[in-house]
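Below are the chains, spelled out letter by letter.
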Amino acid sequence: MPPAEPNGLERKRRKSSRTAWVLIAPFVLFYVLFLIYPALQVAYLSLTNSDIAGEGRLIGLANYQELVSDRDFWAAVWHTVYFVLLTVVPNTAIGFFLALLVLRLKRLRLPILSAFFLPFVLPVSVVTNTALWILDANFGIVNNLLGTTTAWFGDSALAMPCVAIVTVWWTVGFNMLLFVAGLQNIPNEYYEAAALDGANGFQRFRFVTCPLIWPVTSLVLVLQLILQFKIFDQVYLLTNGGPSNSTTVVLLYMYREAFKQNRGGYASAVAIALVVIIVAVSLIQSRVLRVKPT
Amino acid sequence: MKTEKVSILGLVCTALTVVLAVVWLFPVYWMATTSLKSENDTIANPPALFPWPPNFDAFVYVIQNSPFFRWYLNTVITSVSVTFLCILFSLMCAYALSRLEFAGRRLLYAALLVGFMLPFATMAVPLFMFMTRLNFVNTFAGLIAPQVATPLAVIVFKQFFDEVPRDFRDAALIDGASDFKILFNIYLPLNWSIICAMSIIIFIGAWNNFFWPLIVTNSTPMLTVPVGMTQVQSAYGVFFAKICATGVLASIPTAAAYLLFQKRVTQGVMAAAGLK
């Protein structure tokens, strides 16, 4: 616009700006109070010896010094990493495999897809209660079929793999859905062209499907990695960290330090450490994944 | 010859898929059928694959003898409020981000993207302290407020609004419409399907939320279903039919939302993962 009417233009811009502030105000209010403020506060608290009521004083980096030599913390980190290793790749691979199976189908496609996805929309407590019932040592159907009385969640070697299996059963539908969409987006002409060039089924899969689905695969891997590092609900409900702390993960450790040991400051340091771990691992992962494809 | 071989392979694949799907659904089936057994029948050996006649004692007992009905009401109020407020505020915020010029626009969008990455659970400690100071512990306000402050819907809506031709707004402005009117009379109907999709996703997420209600409630009458049902479990001991009956009741809203609006749920999952 020519600068002939600076008043009109200025008024218009000011009005637009005022409308914008009114529109963003409700969300921004909630966002600042309940997300930005606690996000900054957790960093500050990690430098204090606060209890869970927030009473305490600054103690510098003492919490972090304690953290570095805290065996229970490092054990919790290791249990979390173990859980991540047990879930991320299997959950992605099984999701991909199920998507391939589902997409072959025509009339059965929707009901079968729903069967695999349905567990994902169930509340976590329902998932864990069902798992505890099916895997019950005395009356569970699994032990009944196997003729055993294994305490699946009461054995420190079995507990974490069982938590991982329950997690995969619960969440793999999400990954499957992303793969289904990704596979459907691969143009049919590519397969036709490959077939004309004499590629067999396996070669079409290897040289058309695999490279073209890679962007979705790496997305799923990144999402999974971040998600599984935040493991809390299933462990809290299935084993509560046991037996003998073999499934105590980082967020469960944070939860206990905060709400059972009344150490808000120390728990905040644990939270910051988890954020640092997640950011570091996902940076490394995105580097690795970007080098690998095609 | 070759085609026959392929079709047999295809048949085997289809059969395998169906078997796998049945195995996958079996835990849900087992929970549902256990809820229809008497407590004695749940531990019978061999277990009955199908309870006949169905026995509704477990449901009657759960509804009459625990605060389950109250928890159900709490969860309905919480998840419906979270969904309504989050969608309304996100629509307004996304419209401003997409269509209006204002100071701090880029900063706000960057803050949303950062908040999207931050794991909610790591903020539980300061958030709980804040709730205590606001006297929000064991209240609906405490249950609802932090769940409204999630940036996902804003980010998704902004992407969709960016694709609406700018002429629509310009024409409406010339006709004298306000931005509020343009948002609710033009942008809302144009993007109705993604708004429905995000509403269902947010509703399912709020209904199923376990971590935050666990932190912010501790009095029995204020619990939500996912947290309360774990208490029922310890109260009943090993009464599997009752545990499964609570499971069935707790799953009905989200399972129904998915089965009724499958297409929308799929669309919402895609949008949430950043694929359109």
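As the structure is a prediction and not an experimental result, all values here were calculated from the model. (Residues numbered from 1 in each chain as written. Chains lettered and ligands numbered in written order. Predicted model: local features only at pLDDT ≥ 70, side-chain atom pairs only at ≥ 80, totals over all residues.)

Novice: I'd like a description of the interface of chain A and chain B, backed by residues and values.
Specialist: Interface size is commonly expressed as the accessible surface area that is lost when the partners come together. With 65 residues of chain A at the interface, the matching set in chain B holds 73 residues. Among the elements that line the side of chain A that touches chain B, the one with the most residues is helix H1 (residues 6-45) of chain A, at 21 residues. Tallied by class, residues from the side of chain A that touches chain B come to 49 nonpolar, 12 polar and 4 charged. (Contact = placed C-beta atoms within 7 Å. Helix = DSSP H or I, 4+ residues; strand = E, 2+ residues; numbered from the N terminus. Nonpolar A, V, L, I, M, F, W, Y, C, P; charged D, E, K, R; others polar.)

Novice: Tell me about the packing of helix H4 (residues 68-99) of chain B against helix H7 (residues 140-148) of chain B, residues and numbers included.
Specialist: Residues and elements named next belong to chain B. Running from amino to carboxyl end, H4 crosses H7 at an angle of 35°, the nearest separation of the two axes being 9 Å. For the pair H4 and H7, the crossing hand works out as right-handed. Contacts from Ile77, Thr78, Ser81, Val82, Leu85, Cys86 and Phe89 of H4 reach H7 at Phe140, Leu143, Ile144, Gln147 and Val148. Looking at the contact of H4 with H7, its residues break down into 9 nonpolar, 3 polar and no charged. (Axes fitted to C-alpha atoms, helices over the stretch in contact; angles between N-to-C directions. Left-handed = near helix turned anticlockwise from the far one by under 90°.)

Novice: Requested: an account of the domain arrangement of chain B, with residues and values cited.
Specialist: Residue and element names in this part refer to chain B. Taken domain by domain, chain B comprises domain 1 (2-57) and domain 2 (60-273). Taken over C-alpha atoms, the centre of domain 1 sits 33 Å from the centre of domain 2. On the side of domain 2, 9 residues touch domain 1, which itself brings 10 residues to the contact. Along the lines of polarity and charge, the residues of the side of domain 1 that touches domain 2 split into 3 nonpolar, 4 polar and 3 charged. (Domains from an automatic or database assignment.)

Novice: Explain the environment of A:Ser17 residue by residue, including any values.
Specialist: Relative to the helices and strands, A:Ser17 is located in helix H1. In this structure the C-alpha to C-alpha distance between A:Ser17 and A:Val88, which are 71 residues apart in sequence, comes to 45 Å.

Novice: Let's hear about the environment of A:Asn262: which residues, and what values?
Specialist: Residues and elements named next belong to chain A. Checked against the element boundaries, Asn262 lands in the loop between helix H11 (250-259) and helix H12 (264-291). Residue class for Asn262 comes out partly exposed when judged on the 13 C-beta atoms lying within 10 Å of it. Each C-alpha atom of the pair Asn262 and Ile52 lies 5.3 Å from the other, and the pair is 210 residues apart in sequence. Among residues more than four places away in sequence, those in contact with Asn262 are Asp51 and Ile52. (Buried ≥ 20, exposed ≤ 12 C-beta atoms within 10 Å, placed from the backbone.)

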